[in-house]
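Breakdown of the fold
Each chain, letter by letter, is given below.
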Amino acid sequence: DKGGWSSFMAKEINEQPEAIANTVRGRTAGRSVEIPELTALGDDRLRNIDRIIIIACGTASYAGQIGAYAIEQWARIPVDVQLSHEFRYRDPVLTDRTMVISVSQSGETMDTLMAVKYAIEQGVTTVSVCNTQSATIPRESDAAVYTHAGPEVAVASTKAFTAQITALFLIGLHLGRVRGELSTEALAEAVQQLEELPEKMRVAVDTHAEITQLAHWMADTRSVLFLGRHVGFPAALEGALKLKEIAYIHAEGFAAGELKHGPIALIDHGQPVFVLVPSPRTAPLMHSKVVSNIQEIRARGARVIAIVEVGDTAVLPYADEVIRLPLTDALFEPILQVVPLQWFALELSTAKGLDVDQPRNLAKSVTVE
Ligand code: F6R
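Read on for an overview of the structure. Bear in mind the structure is a predicted one, so any value in this text is a computation, not a measurement.

**Focus: the environment of Val 100**
Inspection of the secondary structure puts Val 100 in strand 5 (residues 98-104). Among residues more than four places away in sequence, those in contact with Val 100 are Ile 53, Ile 55, Phe 87, Leu 94, Ala 119, Val 124, Thr 125, Thr 126 and Val 127.

**Some details on the layout of surface pockets**
Space inside the largest pocket adds up to approximately 530 Å³. Considering the residues around the largest pocket, the lining is formed by 26 residues, among which Cys 57, Gly 58, Thr 59, Lys 364 and Val 366 are closest to the centre. For the lining of the largest pocket, the elements supplying multiple residues, two or more each, are helix 5 (58-75), strand 5, helix 7 (110-121) and helix 12 (232-247). Classifying every residue of the lining of the largest pocket gives nine nonpolar, 12 polar and five charged.

**Quick word on the nonpolar core**
Counting 89 residues, the largest nonpolar core has Ile 52, Ile 101, Ile 171, Leu 243 and Phe 344 as the members making the most contacts within it. Here Ile 171 is in contact with Ile 35, Leu 38, Ile 101, Val 127, Val 129 and Val 145, once residues within four sequence places are set aside. Ile 264, Val 308, Ala 319 and Val 322 belong to the second-largest nonpolar core, a separate cluster that totals 20 residues.

**Remarks on the packing of helix 2 (residues 16-24) against helix 10 (residues 184-205)**
Packing of helix 2 against helix 10 leaves a shortest axis separation of 8 Å and a crossing angle of 170°. As the angle between them shows, helix 2 and helix 10 are arranged roughly antiparallel. Residue-level inspection shows Gln 16, Pro 17, Glu 18, Ile 20, Ala 21 and Val 24 of helix 2 in contact with helix 10, the latter providing Leu 194, Leu 197, Pro 198, Met 201, Arg 202 and Val 205.

**Quick notes on empty space enclosed by the protein**
Enumeration over the complete set of coordinates arrives at two cavities of 30 Å³ or more. By volume, the largest cavity is sized at about 60 Å³. What lines the largest cavity is Arg 229, His 230, Val 231, Gly 232, Leu 276, Pro 278, Met 286, Ala 330, Glu 333 and Gln 337. In the lining of the largest cavity, the residues fall into five nonpolar, three polar and two charged. What the second largest cavity holds in volume is close to 40 Å³. As for the second largest cavity, its lining consists of Ile 307, Val 308, Glu 309, Leu 325, Pro 326, Thr 328, Glu 333, Leu 336 and Gln 337. Tallied by class, the residues present in the lining of the second largest cavity amount to five nonpolar, two polar and two charged.

**A few points about the site of the ligand**
Near the ligand you find 14 residues, and of these Ser 104, Gln 105, Ser 106, Thr 109 and Glu 245 are the closest. The backbone of Val 155 places a nitrogen or oxygen atom 3.1 Å from an oxygen atom of the ligand. A distance of 2.9 Å separates an oxygen atom of the ligand from a polar atom in the backbone of Ser 157. For the ligand, the accessible surface in isolation is 410 Å², of which the surrounding protein chains cover 89%. If you list the elements that add at least two residues to the shell around the ligand, you get helix 5 and helix 12. Taken together, the residues of the shell around the ligand sort by class into five nonpolar, seven polar and two charged.

About the criteria used
- Residues numbered from 1 in each chain as written.
- Predicted model: local features only at pLDDT ≥ 70, side-chain atom pairs only at ≥ 80, totals over all residues.
- Heavy atoms only, no water.
- Helix = DSSP H or I, 4+ residues; strand = E, 2+ residues; numbered from the N terminus.
- Contact = heavy atoms within 4.5 Å.
- 1 Å grid on protein atoms, 1.4 Å probe; cavity = no way out; pocket = protein on both sides within 12 Å on 5 of 7 lines; lining within 4 Å.
- Points joined across faces, edges and corners; volume = space filled by probe spheres on them.
- Nonpolar A, V, L, I, M, F, W, Y, C, P; charged D, E, K, R; others polar.
- Core = buried A, V, L, I, M, F, W, Y, C linked by side-chain atoms within 4.5 Å.
- Buried < 20%, exposed > 50% of the residue type's maximum accessible area, 1.4 Å probe, protein only.
- Axes fitted to C-alpha atoms, helices over the stretch in contact; angles between N-to-C directions.
- Parallel < 35°, antiparallel > 145°, perpendicular 65-115°, else oblique.
- Near = heavy atom within 4 Å.
- Polar contact = N/O pair within 3.5 Å; in protein donor to acceptor, adjacent residues only side chain to side chain.
- Areas by Shrake-Rupley, 256 points an atom, 1.4 Å probe, with all protein chains shown as cover.

Laid out in structure tokens, this is it:
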């Protein structure tokens with residue numbers, strides 16, 4: 001049941017405030033974070049971990065990349081993110097102090113399941129971030145931290161993605177607390193950010209009308225680029241993947257700093273570029289770098305669509321379109337920034353008369369290797 005929406009994807013984009021609230025619920029208390037499934041592993045085991053490897057495919061891997069920044073920042077454990085289907089072929093260095101966190105909406109993705117099985121054979125601690133109760137991957141893992149996004153029907157993942165980032169943030173906070181790496185104030189501040197997210201997410205969802213208009217003007221677009229820095233980089237990759245998947249448009253995401261090392265040669269008159277601009281209040285250095293990147297591409301003819309925090313006026317002289325999102329800490333911004341990108345893919349797909357929920361050549365759950 002699409003609940004009055006034109007597609008499951010539209011319904012699921014709209015459900016993101018609840019998906020996040022449900023993922024956080026029961027895991028924050030008294031301005032702290034406790035995930036019972038991690039507590040069950042024993043605090044000594046969590047204190048002993050000296051390396052985390054996140055394994056996932058596609059959209060889930062981008063959630064993993066964003067989560068990695070938060071886990072490193074809060075728990076001070078080095079985190080690598082590897083694609084599930086690449087993981088075992090590199091003969092990964094795994095010890096009894098390694099934790100492997102798999103991220104999978106379905107919990108049945110064969111590539112990820114095989115990687116988890118390999119990790120289990122090597123004797124590492126396995127944690128599953130999964131949206132499907134009792135799926136194979138969480139059942140096989142030492143601990144399951146469910147995202148409570150509700151069933152996701154559209155092939156293109158939306159609410160599972162933002163719920164996965166939320167769950168990984170909670171894991172980072174839990175680990176940081178147990179390992180004594182987080183001050184009470186930092187923990188309380190992060191909990192507040194998490195608790196305020198659903199409301200801010202609603203504002204992000206409400207960008208639908210302006211994005212629909214933008215997509216309408218851009219219906220003939222052949223190629224779109226997405227730029228981000230830090231956590232905005234994997235969010236840019238996710239924006240590009242959504243567009244490829246459901247609108248069949250060539251799209252690429254880049255780390256903004258990488259532009260001058262090659263991709264800037266792609267910039268030509270009228271080339272649309274979405275830029276995820278970090279918060280000037282909480283990430284002033286990154287913000288000014290990204291504003292310079294915008295100036296560089298604008299000078300070469302790019303059509304810049306800037307996604308900014310409300311009140312950011314620095315980009316106004318250089319951006320062709322400005323999408324404004326609520327204030328949040330820079331680390332949390334991708335959760336909001338990806339929403340207009342999801343709408344953009346959906347509306348371009350619709351403008352091209354495509355089936356938003358059932359893109360060609362793709363299945364919701366990839367159960368072959
Ligand atoms: C993108 C998408 C895929 C999945 C990937 C992993 O919209 O849906 O990239 O994210 O196939 O699937 P799960 O999370 O079920 O392991």
